Amino acid sequence: MNLLKALGTVSGFTLLSRVTGLLREIIMAAMLGASAYSDAFFVAFRLPNLLRRIFAEGAFSQAFVPTLARHKAAGTQESTKSLIDSIASALFWSLLLVTILGIVAAPILVYTMATGLAKNPEAFSVAVIMTRWMFPYILMISLVALSAGILNTYRKFALPAFTPVLLNLSFIVCSLALSKQFAQPVYALVVGVVLGGIVQLAIQIPALHKLGLLPKINANPFAAFKDPEVRQVMKLMAPILLSVSVAQISLIINTNIASHVAVGAVSWITYADRLMEFPTAMLGVALGVVLTPSLTAAHQRKDAEQYSALLDWGLRLCVLLAIPAMVGLALLSQPLTALLFHRGQFSALDVQNTAAAVAAYGFGIIGLVAIKILAPGFFARQDTRTPVMIAIAVLIITQILNWILIPHLGHVALALSISIGALINAAWMLIALIRKGAYKPERGWLAFILVIIAASASMAFALAMIDQRIDWIALQASELKRAFYAFTIIIAAAAIYFGLLMVLGLDMMQLIKKRAK
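Quick caveat: nothing in here was measured; it's all calculated off a predicted structure.

Novice: It is not clear to me how the overall build of the chain should be interpreted in this structure. Could you clarify?
Specialist: When helices and strands are tallied, the chain shows 20 helices and zero strands. Considering only residue pairs separated by 6 or more positions, the chain has 84% of its internal contacts joining residues 24 or more positions apart. In the structure as shown, the chain presents an accessible area of about 21,600 Å², 69% of it carried by carbon and sulfur atoms.

Novice: It is not clear to me how the environment of Gly421 should be interpreted in this structure. Could you clarify?
Specialist: Relative to the helices and strands, Gly421 is located in helix α17 (residues 411-435). The spacing of Gly421 and Gln399 is 22 residues in sequence and 9.3 Å in space, taken between C-alpha atoms. With near-sequence residues (within four places) excluded, Gly421 lies in contact with Val394 and Thr398.

Novice: I keep staring at a nonpolar patch on the surface and nothing clicks. Help me out?
Specialist: A cluster of nonpolar residues, Phe182, Val191, Leu195 and Val199, forms a patch on the protein surface that exposes about 270 Å² of accessible area. The topology assignment puts Val199 in helix α8 (residues 187-202). Judged by its relative accessible area of 34%, Val199 is partly exposed.

Novice: Would you mind going over the packing of α8 against helix α9 (residues 204-211) with me for this structure?
Specialist: The description of two packed helices rests on the angle between their axes and on the distance between the axes. Contact geometry for α8 and α9: axes closest at 5 Å, N-to-C directions at 20°. In terms of their interaxial angle, α8 and α9 are classed as roughly parallel. Contacts from Gln200, Leu201 and Ala202 of α8 reach α9 at Gln204, Ile205 and Pro206. Considered class by class, the residues forming the contact of α8 with α9 number four nonpolar, two polar and no charged.

Novice: Where do I start with the packing of helix α12 (residues 304-331) against helix α15 (residues 365-379) in this structure?
Specialist: Where α12 meets α15, the axes come as close as 7 Å, and the angle between the chain directions of the two elements is 165°. Considering their axes alone, α12 and α15 lie roughly antiparallel with respect to each other. As α12 packs across α15, the resulting crossing turns out to be right-handed. Two secondary-structure elements touch here, α12 through Tyr307, Leu311, Gly314, Leu315, Cys318, Val319, Ala322, Ile323, Ala325, Met326 and Leu329 and α15 through Ile365, Ile366, Val369, Ala370, Ile373, Leu374, Gly377 and Phe378. Tallied by class, residues from the contact of α12 with α15 come to 17 nonpolar, two polar and no charged.

Novice: Is there a simple way to explain the packing of aromatic side chains in this structure?
Specialist: In this description, an aromatic ring pair is defined by two values, namely the gap between the centres and the angle between the planes. This model, assessed by the stated rule, comprises 14 aromatic pairs. Their ring planes at 90° and their centres at 6.0 Å tell us that Phe41 and Phe171 sit as a pair that is edge-to-face. Placement of Phe41 in helix α2 (residues 36-74) and of Phe171 in helix α7 (residues 158-178) is noted, with a sequence separation of 130 residues between them. Of the two residues, Phe41 and Phe171, both sit in the buried class. For the pair Phe484 and Tyr485, a centre-to-centre distance of 6.2 Å together with 50° between the ring planes defines the contact as tilted. For Phe484, a relative accessible area of 56% translates into the label exposed. What links up through ring pairs into an aromatic cluster is the set Phe41, Phe42, Phe45, Tyr137, Phe171, Tyr271, Phe341 and Phe346.

Novice: Just to check I follow, could you spell out the side chain of Ser419 for this structure?
Specialist: Mapped onto the fold, Ser419 is located in helix α17. Relative accessible area serves as the criterion here: at 0%, Ser419 is assigned to the buried category. Within the local environment of Ser419, its side chain forms a polar contact with the backbone nitrogen of Gly364, the two atoms lying 3.3 Å apart. Not counting chain neighbours up to four residues away, the residues in contact with Ser419 comprise Ala360, Tyr361, Phe363 and Gly364.

Novice: Quick question: what am I supposed to make of α12 here?
Specialist: Along an α-helix, residues three or four apart share an orientation, since each turn contains 3.6 residues. Over its 28 residues, α12 runs 40 Å from end to end, which matches the ideal 40 Å to within 8%, given 1.5 Å per residue. The largest bend in α12 amounts to roughly 25° and is located at Ala322, with the proline Pro324 lying one to four residues further along. Most of α12 sits out of view: 20 of its 28 residues are buried.

Novice: Before we go on, may I ask you to explain the pattern of salt bridges in this structure?
Specialist: Note on pairing: side chains with opposite charge can pair once their charged atoms come close. In this structure the tally under the stated criterion is two salt bridges. Note that Asp85 is salt-bridged to Lys81, the shortest N-O span being 2.9 Å. Taken together, the residues span about one helical turn, with Asp85 and Lys81 both in helix α3 (residues 77-104) at a distance of four residues. For Lys81, a relative accessible area of 19% translates into the label buried. As a salt-bridge pair, Arg316 and Asp312 come within 2.7 Å of each other at their nearest N and O atoms. Here Asp312 and Arg316 lie together in helix α12, a separation of four residues that amounts to about one turn.

Novice: I'm lost on helix α5 (residues 121-134) in this one. Help?
Specialist: Over its 14 residues, α5 runs 20 Å from end to end, which matches the ideal 20 Å to within 8%, given 1.5 Å per residue. All buried positions along α5 are accounted for by Ala123, Phe124, Val126, Ala127, Val128, Met130, Thr131 and Met134.

Novice: Sorry, what's going on with the nonpolar core here?
Specialist: Generally speaking, soluble globular proteins have nonpolar side chains that are buried together. In this structure, Phe41, Met130, Ile150 and Ile452 are the most contacted members of the largest nonpolar core, which totals 139 residues. If one sorts the elements of this core by residue count, α12 sits on top with 13 residues. Setting aside its immediate chain neighbours within four residues, Met130 contacts Ala40, Phe41, Ala44, Val186, Tyr187 and Val190.

Novice: Please explain the environment of Leu201 as it appears in this structure.
Specialist: Examined against the element boundaries, Leu201 turns out to sit in helix α8. Residue Leu201 is classed as partly exposed on the basis of its relative accessible area, which comes to 26%. Sequence separation of Leu201 and Val144 is 57 residues, and the distance between their C-alpha atoms is 5.4 Å. Those residues in contact with Leu201, other than ones at most four positions away along the chain, are Met140, Leu143 and Val144.

Novice: How do you make sense of the side chain of Thr398 when you look at a structure like this?
Specialist: Checked against the element boundaries, Thr398 lands in helix α16 (residues 385-409). A relative accessible area of 4% means that Thr398 is categorised as buried. Apart from the residues within four sequence positions on either side, Thr398 is in contact with Ser250, Ser417, Ile418 and Gly421.

Reading guide: rules and limits
- Residues numbered from 1 in each chain as written.
- Predicted model: local features only at pLDDT ≥ 70, side-chain atom pairs only at ≥ 80, totals over all residues.
- Heavy atoms only, no water.
- Helix = DSSP H or I, 4+ residues; strand = E, 2+ residues; numbered from the N terminus.
- Contact = heavy atoms within 4.5 Å.
- Areas by Shrake-Rupley, 256 points an atom, 1.4 Å probe, with all protein chains shown as cover.
- Patch = residues over 30% accessible without salt bridge, like charges linked within 9 Å, V, L, I, M, F, W, Y side chains within 5 Å.
- Salt bridge = Lys/Arg side-chain N within 4 Å of Asp/Glu carboxyl O.
- Buried < 20%, exposed > 50% of the residue type's maximum accessible area, 1.4 Å probe, protein only.
- Axes fitted to C-alpha atoms, helices over the stretch in contact; angles between N-to-C directions.
- Parallel < 35°, antiparallel > 145°, perpendicular 65-115°, else oblique.
- Nonpolar A, V, L, I, M, F, W, Y, C, P; charged D, E, K, R; others polar.
- Left-handed = near helix turned anticlockwise from the far one by under 90°.
- Phe/Tyr/Trp six-rings, centres within 6.5 Å; stacked < 30°, edge-to-face > 60°.
- Polar contact = N/O pair within 3.5 Å; in protein donor to acceptor, adjacent residues only side chain to side chain.
- Expected span 1.5 Å × (residues − 1).
- Bend = angle between axes of the 7 residues up to and from the residue.
- Core = buried A, V, L, I, M, F, W, Y, C linked by side-chain atoms within 4.5 Å.

Keep in mind that these numbers describe shape and distance, not what the molecule does.
So, in structure tokens, the structure goes:
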């Protein structure tokens, strides 16, 4: 398989997803600003989204994909289809139960997620209503994750990478078309979530049918759990579930803390998180999706050299692109925030508070991206204990940092603690893989890092000199001029960075193609 082509496909559709996602956030920010109602929506949507990350894209996918890959290599089409049917049935009935419980327990869940929201009874009530309507999304999107695992295993990367775009488009259409139809415009976003989940699930059916792998749900809820393969996946899921849950527990704690910091704080860190997700998804998620099947296959062949080389390739791409992204987000946090969100109900104060969180998130980008590359290195080896223990330790460290920093930095501390935790997590996993002998860094790392640092430092100096001469808040009166300045600076920064890499002798195409095959 050509990894470069696969990475390009996934990255391209991920870019489209993030662009439409930013457009979604722009419309939401203009419509709601950073208010009690935007906080209510983000809390309500975070609950099913959190469970999606835990059950579907998190523990389930990381246990299911390696199992399916091994089964595909050793079994027949019929046995593989039987495995998929059993897994799909177990997933469907489990999450149907979770959905029903979530709808019933919505007030408790909202209060647990954001106790500060209870100070505003109306906003709390709106959050509960939205949670109940959006909870079925977890069932639909989990089946989408199942489909993505199947298609990625069969090297069909395009559709899974494109699917998130449909949710964003649903958000955008419903926001523009339905916001005036409700007494509270925020309810239009709820319709967008539900409709988006339906469309995302529906588009999977033709692709799975073409492969002859469209799952059949067993009407008996208990039959699937008797399958040994399902039990094996559940056994693999248990420690991964703990690992993924640790990160999501941290998110719940941070959301709860933010709900007490100030009205709008949940929204500030959420909008900042959206900006931060742009580079992490473009590189980290894309590389993780592409590398997982290849790492699993290399481990199955006992090809330790190829396994290590794949990790080395992913980490070099991480350093090449994540360090300048970190510098860019830190120094361009205000222009980017102003350009994207400063209109409608989104005030100058919201820009300042969101930009501060963006800069804090930017500090940890290289860690967040590296985790997406290193974690599959453990899961491909069926080593779930190590990342779990690391994740638990990092959760404790993150919350200690929150306790120390929040009195001084407010909501910014929440983003900064996550960044520091991500850096510690990535470094810890890297050291663990090296000590286990799974990863042996190839030659040339020191010279490579020094070149990246030199180019990034030069770019940072240029950005700092230019940015301080422009009043990005005042440019709200001239959207086109603000956009022109921002894009010109971004293009110039990229030209400086990549130009200096070439001058310093780094052959980027050779690096990219080295293991992309």
